[in-house]
Amino acid sequence: MKYPAVTIALFTALAAGPAAFANTSQEAGKPGDTVKLSPKVQVVDRDWDFFQGLPCTRLSGVEPQSEREQALLERRRQQCLQQYRSFAPRSVTR
């Protein structure tokens, strides 16, 4: 008889008892202590691929979350500016 992996894992956890779920880290202190977790937002920097894929018209709506992202956003803005300049009419001097 075949059992799904989830069923086997659940059975194993129940067979081990509450000791399998005990927190053994140094932060917990004594067994039975409550460990309070704080909901911290972890910011993950977007990479160059993200900024390179953005259309030039959407760059104004992007807010950088770090100095690295600010630099990447500025680099992308310069690329868009170069594209604009390449198609913009140049002044003709006579």
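Look a little higher up for the structure.
As the structure is a prediction and not an experimental result, all values here were calculated from the model.

**Student:** I'm lost on the state of the cysteines in this one. Help?
**Tutor:** Chemically, a disulfide is nothing more than a covalent bond linking the sulfur atoms of two cysteines. Using the criterion set out here, one finds one disulfide in the structure. The side chain of Cys 56 participates in a disulfide bridge whose partner is Cys 80; the two sulfur atoms lie 2.0 Å from each other. Between Cys 56 and Cys 80 the sulfur-sulfur dihedral comes to about -85 degrees; the bridge is accordingly left-handed. Residue Cys 56 is located in the loop between helix H2 (48-52) and helix H3 (67-87), and its partner Cys 80 is located in helix H3; the two are separated by 24 residues in the primary sequence. The exposure class assigned to Cys 80 is buried, which follows from its relative accessible area of 11%.

**Student:** Would you mind showing me how to read the nonpolar core here?
**Tutor:** Within soluble globular proteins, side chains that are nonpolar generally end up buried alongside one another. Core analysis: the biggest nonpolar cluster contains eight residues, these being Trp 48, Phe 51, Leu 54, Leu 59, Val 62, Leu 72, Leu 73 and Cys 80. For this core, the secondary-structure elements that each account for two or more residues are H2 and H3. In this view, Leu 73 contacts Phe 51, Leu 59, Val 62 and Pro 64; residues no more than four positions away in its chain are not counted.

**Student:** Explain the packing of aromatic side chains to me, please; I cannot follow it from the model alone.
**Tutor:** Remark: the centre distance and the inter-plane angle together describe each pair of aromatic rings, the angle taken between the planes. What the rule picks out here adds up to one aromatic pair. Ring geometry for Phe 50 against Phe 51: centres 5.2 Å apart, planes inclined by 85 degrees, an arrangement best described as edge-to-face. Residue classification places Phe 50 among the partly exposed residues on the basis of a relative accessible area of 33%. Sitting over the ring of Trp 48, Arg 75 keeps its end group 3.9 Å from the ring centre.

**Student:** Explain the side chain of Glu 69 to me, please; I cannot follow it from the model alone.
**Tutor:** Structurally, the position occupied by Glu 69 is in helix H3. With a relative accessible area of 0%, Glu 69 lands in the buried category. In contact with Glu 69, not counting residues within four places along its chain, are Val 44, Asp 45, Arg 46, Phe 51, Glu 63 and Pro 64.

**Student:** Looking at this structure, I do not really get the pattern of salt bridges. What am I missing?
**Tutor:** Once their charged atoms are close, side chains differing in charge can pair, the charge on each being opposite to the other. The tally for this structure, following the rule as stated, stands at one salt bridge. Between Arg 46 and Glu 69 there is a salt bridge, with the nearest N and O atoms lying 2.8 Å from each other. Note that Arg 46 is positioned in the loop between helix H1 (5-16) and H2 and Glu 69 in helix H3, a separation of 23 residues in sequence. For Arg 46, a relative accessible area of 22% gives the class partly exposed.

**Student:** Help me understand H3 in this model?
**Tutor:** It helps to recall that an α-helix has 3.6 residues per turn; residues three or four apart then point in one direction. With 21 residues, H3 ought to run about 30 Å at 1.5 Å a step, and its terminal C-alpha atoms sit 31 Å apart, in line with that. All buried positions along H3 are accounted for by Glu 69, Leu 72, Leu 73, Arg 76 and Cys 80. For H3, the angular spread of the buried residues around the axis is 100 degrees, confining them to a single face. Along its buried surface, H3 packs onto H2.

Rules used throughout
- Residues numbered from 1 in each chain as written.
- Predicted model: local features only at pLDDT ≥ 70, side-chain atom pairs only at ≥ 80, totals over all residues.
- Heavy atoms only, no water.
- Disulfide = S-S within 2.5 Å.
- Helix = DSSP H or I, 4+ residues; strand = E, 2+ residues; numbered from the N terminus.
- Buried < 20%, exposed > 50% of the residue type's maximum accessible area, 1.4 Å probe, protein only.
- Core = buried A, V, L, I, M, F, W, Y, C linked by side-chain atoms within 4.5 Å.
- Contact = heavy atoms within 4.5 Å.
- Phe/Tyr/Trp six-rings, centres within 6.5 Å; stacked < 30°, edge-to-face > 60°.
- Lys NZ or Arg CZ within 6 Å of the ring centre and 35° of its normal.
- Salt bridge = Lys/Arg side-chain N within 4 Å of Asp/Glu carboxyl O.
- Expected span 1.5 Å × (residues − 1).
- Arc of directions from axis to C-beta.

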